[in-house]
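For reference, the chains in residue letters:
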Amino acid sequence: WDGRERTKPSVRRNIVLVRHGEYHMDKQHEEYGKLTDRGHAQAGHVAMRLRLMHEQGGLPAQTVIHSDMPRAVQTFEAVRAHLAPSIQDACDPDLAE
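Going along each chain's sequence as written, the residues are numbered from 1 onward. In keeping with the predicted nature of the model, local features appear solely for residues at pLDDT of at least 70, side-chain atom pairs appear and are counted solely at 80 or more, and the whole-chain, interface and lining totals rest on all residues. To obtain the side-chain values, all non-hydrogen atoms of the structure were used and water was disregarded.

A. Highlighting the overall build of the protein chain. What the protein chain contains, in helices and strands, is two helices and two strands. Labels follow the DSSP assignment, with helices taken as runs of H or I lasting at least four residues and strands as runs of E lasting at least two, numbered in each case from the N terminus. Starting at the N terminus and walking to the C terminus, you meet the elements of the protein chain as α-β-α-β. To get the radius of gyration, use the C-alpha atoms; to get the globule rule, take the number of residues to the power 0.38 and multiply by 2.2 Å. For the protein chain, whose C-alpha radius of gyration is 17 Å, the value lies well above the compact-globule estimate of 13 Å for 97 residues. When its C-alpha atoms are laid out on the principal axes, the protein chain stretches across 65 × 30 × 20 Å. Type-normalised accessible area, obtained with a 1.4 Å probe on protein chains alone, sets the label of each residue: buried when under 20%, exposed when over 50%, and partly exposed for intermediate values. Burial statistics for the protein chain: of 97 residues in total, 26% are counted as buried. A sequence separation of at least 24 residues applies to 62% of the contacts in the protein chain between residues at least 6 apart. With residues, only the protein chains shown are counted as cover, and all accessible areas are computed by Shrake-Rupley using a 1.4 Å probe. When the accessible surface of the protein chain is summed, it comes to about 7,700 Å², and 50% of that surface belongs to carbon and sulfur atoms. Computed over 13 positive and 14 negative side-chain charges, the inter-centroid distance for the protein chain is 9 Å. Contact definition: two residues touch when any of their heavy atoms are within 4.5 Å. The charge count includes Lys and Arg as positive and Asp and Glu as negative, but it does not include His or the ends of the chains. Where a charge lies is defined by one atom per residue type, namely NZ (Lys), CZ (Arg), CG (Asp) and CD (Glu).

B. How the structure looks around the environment of Gln-88. Mapping Gln-88 onto the fold places it in strand β2 (residues 88–91). On the accessibility criterion, Gln-88 (52% relative accessible area) is exposed. C-alpha separation for the pair Gln-88 and Val-16, spaced 72 residues apart in sequence, amounts to 15 Å. Beyond its immediate chain neighbours, meaning those up to four positions away, Gln-88 contacts Gln-62, Thr-63, Val-64 and Phe-76.

C. A look at the environment of Val-64. As for its position among the elements, Val-64 is in strand β1 (residues 63–66). Along the primary structure Val-64 and Ile-15 are separated by 49 residues, whereas in three dimensions their C-alpha atoms are 9.7 Å apart. Setting aside anything within four residues of it in sequence, one finds Val-64 in contact with Phe-76, Val-79, Ile-87, Gln-88, Asp-89 and Ala-90.

D. Seen up close, the layout of surface pockets. Buried and open spaces are told apart on a 1 Å grid over the protein atoms alone, a cavity being a set of points where a 1.4 Å probe fits but cannot get out and a pocket being an open set with protein on both sides within 12 Å along at least five of seven lines. Residues with an atom within 4 Å of a point are the lining residues. Grid points are joined across faces, edges and corners, and a volume is the space filled by probe spheres set on the points. Considering only enclosed or pocket space, the largest pocket measures out at about 920 Å³ in volume. Of the residues forming the lining of the largest pocket, the biggest block, six residues, is contributed by helix α2 (residues 70–83). Amino acids outside the nonpolar list (Ala, Val, Leu, Ile, Met, Phe, Trp, Tyr, Cys, Pro) and the charged list (Asp, Glu, Lys, Arg) are all regarded as polar, and Gly is one of them. Considered class by class, the residues forming the lining of the largest pocket number 18 nonpolar, seven polar and five charged.

E. Structural context of the nonpolar core. Among buried residues, those of type Ala, Val, Leu, Ile, Met, Phe, Trp, Tyr and Cys that are joined through side-chain atoms within 4.5 Å constitute a nonpolar core. Counting residues in each nonpolar core, the largest one holds seven residues, listed as Ala-47, Leu-50, Leu-59, Phe-76, Val-79, Leu-83 and Ile-87. Breaking this core down by element, the ones donating at least two residues are α1 (37–55) and α2.

On their own, these measurements won't tell you what the molecule is for.
Have a look at this one:
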């Protein structure tokens with residue numbers, strides 16, 4: 001539409017957004033803010049799915065960026081355990097709710 005030739009992009013970026021698993025929401029609970037058993041299972045499921053995507057070549061994961069909230073850190077740890085121990089993690093407190 002602008003008269004330029006169509007060119008194939010030379011760089012490809014994949015951005016995958018993952019929300020943390022279910023967490024304890026009761027502020028009186030000793031595990032407040034941390035994943036529940038169900039949340040750990042959810043994190044494991046998404047981690048396995050990301051691993052499958054990685055193995056099929058559709059997700060060349062290098063870095064995972066997450067907040068410093070316990071539930072986000074726990075979800076990241078599940079992803080790293082299933083995907084690759086060498087995956088870099090970038091904790092960004094500005095991502096917290």
